[in-house]
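# Topology and contacts: notes
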Amino acid sequence: MDSTTVPPSSASSPPNDQMKQTTDTQTLFQLLAALADGAPRQQAARQLARYLGADDLLIFLRDAEVGVLLPAPGLVQTLPDRRRWQPFLASCAKEYPTHATLPFPDTTTMTTAVGLTNDNGTVLVLLGGTPRFDEAMLLVTLLPLLEAAFLREKGRQLAEAEATIARKMAAEAQQLITMLDTTRQDVQNELYARTQAEKAFREQVRLAALQMEVSTALTAGGTMQESLERCARALVQHLDAAFARFWTLNETEQMLELQASAGMYTHLDGGHARVPVGTLKIGRIAATHEPHLTNTVLGDPQVSDQEWARREGMVAFAGYPLLVEDRLVGVMALFARHQITETELAAMASVANAMAVGIQRYQTEKEQVVARQKVEESEERFRTLADNMSQFAWTADPTGWIFWYNQRWYDYTGTTPEQMAGWGWQSVQHPEHVQQVTEKIRACFETGEIWEDTFPLRGKDGTYRWFLSRAIPIRDTQGKILRWFGTNTDITEQKDLEHQKEVFVSMATHELKTPLTSLRGYIQLAERQLLRLQRELDSSQTEQQKALDGALLMLSRSQQQLSVQNRLINDMLDISRIQASALELLLAPCDLGSLVRETVQDYQIAHPQRQITLNQPEQEVLLIHADQDRIVQVLSNYLNNALKYSVAGTSINVNIMCKHAEARICVTDQGPGLSPEAQQHIWEQFYRAPGIEVQNNAGASLGLGLSICQGIINSHHGQVGVESTLGQGSRFWFTLPLLPEEA
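Below, the structure is looked at part by part. Predicted model, so just to flag it, every value in this text is computed and none were measured.

## Considering the pairing of strand S22 (residues 720-724)
Burial analysis of S22 places four of its five residues in the buried class, which makes it a mostly covered element. Note that S22 and strand S23 (residues 730-737) share five bridges and pair antiparallel. Its bridge partner being in S23, valine 720 is matched across the sheet by phenylalanine 734. Once S22 ends, the chain turns through five residues before running back antiparallel as S23, passing glycine 727 with a positive phi of about 85°.

Structure follows, in structure tokens:
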């Protein structure tokens, strides 16, 4: 502080006395600042007491509401014997100073106590020792610097303001100490500094009250407009502003919309009700994300209506962008008829931050309400649709706990939501199926795989109907399962039709095989008779020889057609048995390598014009537990297809590979290949890939071969598959588990 601004001393002091007095005052203010800081307050109080010649000190504040003395926060809150302390504290207001011997710090220890009271009724108690009253009286006069801080700490919601006040009081005290050390003024200068500190303290209290009121307005509930209106009134009241306003940003239209106005203007319409970003003073603040502060409104080029400012006596303007990180949510602005101090500007910046967060919270809550309404509407539409669909529908949590069924389920089963919650659906399962169904669906819930199964469910009339059931996981963007959605489709009629078809196919194939067997026998008998007759003819009977050769050729071709018909009938029998889970397997340990090698050799002999190669591992024996004839049937089907659909002259490769206790057999051809769509359907019954011509005069096919292969391999706990590219051939493969070596 400039020496010309300090009130002159009332009297001069000797240099040594003056230096000592200044040093003592410095020490007192340092201890006072430590006590105001409050961390730790009891230790600071003890140090201050020892400076004053005592062992310890207590400060009691008068509670304005109940009119009693209460210990200051942070000091000893409980007296060992209040009955003896209360008369002492009461006498302190009447007698100055007041002396007594009181129990402290416990009921068995008696300590001398001296009480000093200031004009506000605050009592300073010095405990033990030999107090120095001159310094103590000076401390009493400075107690108002602490009283407000102590009182503010009693309010839990003002904890942050209290800490700020304590720090600023300490800073002001430090400034006073520096000033006193520099100017070496007498006590009159110290009192002047105290007045300035009290003024600054009151300013901090006023701004802290502003921050508290803004925080309360933003957390008190109500609409965003109501909260902003309370905040605008708080700015006008605590900063003595002419008027204050808040705009929020409409991001879609890039428009600032006036939400609250307090002071000399309270209307929300007019030219400033909607301000485009980038126009006018408010719009430029929004566009640049920079505040605009001025204490010279008259002459400020950004204040366009200078006549209005002169007429209304406007001096200062402050406008702040309301930002959450780098995102603009609105703008705050006010006009004042006095200059805005730096402290007020800092408080406004703090308020702006709180306002931005508050507006974002309101907007987020509004968005959440809208989103929740949309979800509820969507769920209502979903339930309406689900309750009126022909299928049963249900949803479950990520663990498989079912918490909702559509009405169709309850209408069919005659159950209640309480009975069906969680795994209650097991009660309407057929006893013979419930364990298998439960195990399969639990496995899918654990792995997250799509679940599909077929089983009967009991209706409310006690009868069972067959259902195709399916459940898919619903995942979030990170792939985490949120819930499961499942359906049950009544397929009883389809099951009945399939059963009738299976019965028909079984009967038809058996009925067809009987005449075919007889016909094959008759043809073989006719061949033998014709061959014997051919041997009995002499060489001169050429016409008869030619006739017999023609007849034998036709019988041979008939045999071939009978073989084709027999294969087709066997395919129909196999597919019928697979569908009925009645495929007979003669399982026994066998060497897969030998089976494949012998089968390939048979085809090499039967088709010498084609190149069929075999690649197998060096391992001598590949033990599997299988039906040898069925495995040969699968490999033969793969080889027949390779021969049927590849051009003569191209090679066919058979490979055996072993990995992880599993053998994989691949048959690779250089045929036309399969499209991705055909690869998805190639294992279905009666499916034939369109556009692929049969080569080498191959016989007819029902499209059952690959489906039969899949059924056989599945029965052996293996898998089938195909890898193909159009124009580059196909690789069909199947896998089988290997037996352990010790087996």
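Having seen the model, we can carry on.
## Describing the sheet that holds strand S21 (residues 662-668)
Within a sheet, neighbouring strands are paired by backbone hydrogen bonds and run either parallel or antiparallel to one another. An order of S18-S20-S21-S23-S22 is seen for the five strands of this open sheet, with the pairing classed as mixed. Edge positions in the sheet fall to strand S18 (611-615) and S22, since each has one partner strand and no second. Each neighbouring strand pair of the sheet contributes to a mean axis angle of 15°, computed without reference to strand direction. Bridge count for strand S20 (residues 651-658) against S21 is six bridges, and the pairing is antiparallel. Bridge assignment links asparagine 655 to a residue of S21, and that residue is cysteine 666. Helix-sheet contacts for helix H17 (residues 592-606) involve S18, S20, S21 and S23, and the interaxial angle to S18 is about 170°. Sheet strands touched by helix H20 (residues 705-715): S22 and S23. Its angle to S23, the strand with the most contacts, is close to 20°.

## Things to note about a nonpolar patch on the surface
A cluster of nonpolar residues, Tyr96, Phe133 and Met137, forms a patch on the protein surface that exposes about 270 Å² of accessible area. For tyrosine 96, a relative accessible area of 42% puts it in the partly exposed group.

## Overview of the pattern of salt bridges
Per the stated rule, a full pass over the model turns up 13 salt bridges. One salt bridge in this structure joins arginine 470 and glutamate 452, with 2.7 Å as the shortest N-O distance. Of this pair, arginine 470 sits in strand S15 (residues 464-475) while glutamate 452 sits in strand S14 (residues 451-458), and the two are 18 residues apart along the sequence. On the basis of relative accessible area, arginine 470 is assigned to the partly exposed category, the value being 37%. Overlapping salt bridges bring together Glu253, Glu257 and Arg274 as one network.

## Some words on the packing of helix H18 (residues 628-645) against H20
Axis angle and axis distance: for two packed helices, these are the angle between their axes and the distance between the axes, and together they describe the pair. For the pair H18 and H20, the least separation of the axes is 10 Å and the interaxial angle reads 150°. By the angle class used here, H18 and H20 are roughly antiparallel. As for the relative orientation of H18 and H20, their crossing is left-handed in sense. Contacts from Arg630, Ile631, Gln633, Val634, Asn637, Tyr638 and Asn641 in H18 reach Gly705, Leu706, Ile708, Cys709, Ile712 and Ile713 in H20. Taken together, the residues that form the contact of H18 with H20 break down as eight nonpolar, four polar and one charged.

## A short note on the side chain of serine 646
Along the chain, serine 646 falls in the loop between H18 and S20. Separated by 2.8 Å, the side chains of serine 646 and arginine 610 make a polar contact.

## What to know about helix H9 (residues 280-288)
Taken residue by residue, H9 has Lys281, Ile282, Gly283, Ile285 and Ala286 as its buried positions. Next to the buried residues of H9 lie strand S6 (241-250), strand S7 (255-263), strand S8 (274-276), strand S9 (292-294), strand S10 (316-324) and strand S11 (327-336). Just downstream of H9 lies histidine 289, where phi reads positive at about 60°.

## A short note on the sheet that holds S6
Spatially, the six strands line up as an open sheet ordered S8-S7-S6-S11-S10-S9, and their pairing is antiparallel. Here the strands that pair on one side only, and so sit at the sheet edges, are S8 and S9. Direction aside, the axes of adjacent strands within the sheet are offset by 25° on average. Note: S7 against S8, three bridges, orientation antiparallel. Counted as the bridge partner of glutamate 257 is arginine 274 from S8. Helix H8 (residues 224-238) contacts S6, S7 and S11 of the sheet and is inclined by roughly 150° relative to S6. Against the sheet, H9 makes contact with S6, S7, S8, S9, S10 and S11, and its axis sits at roughly 140° relative to S11, the strand it touches most.

## Quick look at the environment of serine 730
Along the polypeptide, serine 730 turns up in strand S23. Considering only alpha carbons, one finds serine 730 and glycine 673, 57 residues apart in sequence, at a separation of 5.2 Å. Beyond its immediate sequence surroundings of up to four residues, serine 730 is in contact with Val667, Thr668, Asp669, Gly673, Leu674, Glu723 and Ser724. Polar contacts involving the side chain of serine 730 include one to the side chain of serine 724, which spans 2.8 Å.

## Examining unusual backbone geometry
In the segment running from tyrosine 96 into proline 97, the intervening peptide bond is cis, with an omega of -10°. Summarising the element assignment, proline 97 is placed in the loop between helix H3 (82-92) and strand S3 (98-103). The step from phenylalanine 104 to proline 105 runs through a cis peptide bond, and the omega angle for that step is 5°. Its identity as a non-glycine residue notwithstanding, glutamine 254 has a phi of 50°, on the positive side. Mapped onto the secondary structure, glutamine 254 falls in the loop between S6 and S7. For glutamine 254, a relative accessible area of 40% translates into the label partly exposed. The residue histidine 717 is not glycine, and still its phi comes out positive at about 65°. Considering the arrangement of structural elements, one finds histidine 717 in the loop between H20 and S22.

## So, the packing of aromatic side chains
All chains considered together, the criterion is met by 22 aromatic pairs. Ring centres 5.9 Å apart and planes at 90° place the aromatic pair tryptophan 85 and phenylalanine 88 in the edge-to-face group. With tryptophan 85 and phenylalanine 88 both in helix H3 and three residues apart, the pair spans about one turn of that helix. Exposure class is identical for tryptophan 85 and phenylalanine 88. Each is buried. Measuring from ring centre to ring centre gives 6.0 Å for tryptophan 683 and phenylalanine 732, while their planes differ by 75°; the resulting arrangement is edge-to-face. Highlighted residues: tryptophan 683 in the loop between helix H19 (676-681) and H20 and phenylalanine 732 in strand S23, separated in sequence by 49 residues. For the residue pair tryptophan 683 and phenylalanine 732, the accessibility class agrees, reading buried in each case.

## Some thoughts on the packing of H17 against H18
H18 packs onto H17 with a crossing angle of 40° between their chain directions and a minimal axis gap of 10 Å. Our classification of the angle between H17 and H18 gives oblique. Like other packed secondary-structure pairs, H17 and H18 cross with a definite hand, here right-handed. Contacts between H17 and H18 pair Leu592, Leu595, Val596, Thr599 and Tyr603 from the former with Gln628, Ile631, Val632, Leu635, Ser636, Leu639, Asn640 and Leu643 from the latter.

Thresholds, definitions, all that
Residues numbered from 1 in each chain as written. Predicted model: local features only at pLDDT ≥ 70, side-chain atom pairs only at ≥ 80, totals over all residues. Heavy atoms only, no water. Buried < 20%, exposed > 50% of the residue type's maximum accessible area, 1.4 Å probe, protein only. Helix = DSSP H or I, 4+ residues; strand = E, 2+ residues; numbered from the N terminus. Pairing = 2+ DSSP bridges. Axes fitted to C-alpha atoms, helices over the stretch in contact; angles between N-to-C directions. Contact = heavy atoms within 4.5 Å. Patch = residues over 30% accessible without salt bridge, like charges linked within 9 Å, V, L, I, M, F, W, Y side chains within 5 Å. Areas by Shrake-Rupley, 256 points an atom, 1.4 Å probe, with all protein chains shown as cover. Salt bridge = Lys/Arg side-chain N within 4 Å of Asp/Glu carboxyl O. Parallel < 35°, antiparallel > 145°, perpendicular 65-115°, else oblique. Left-handed = near helix turned anticlockwise from the far one by under 90°. Nonpolar A, V, L, I, M, F, W, Y, C, P; charged D, E, K, R; others polar. Polar contact = N/O pair within 3.5 Å; in protein donor to acceptor, adjacent residues only side chain to side chain. Phe/Tyr/Trp six-rings, centres within 6.5 Å; stacked < 30°, edge-to-face > 60°.

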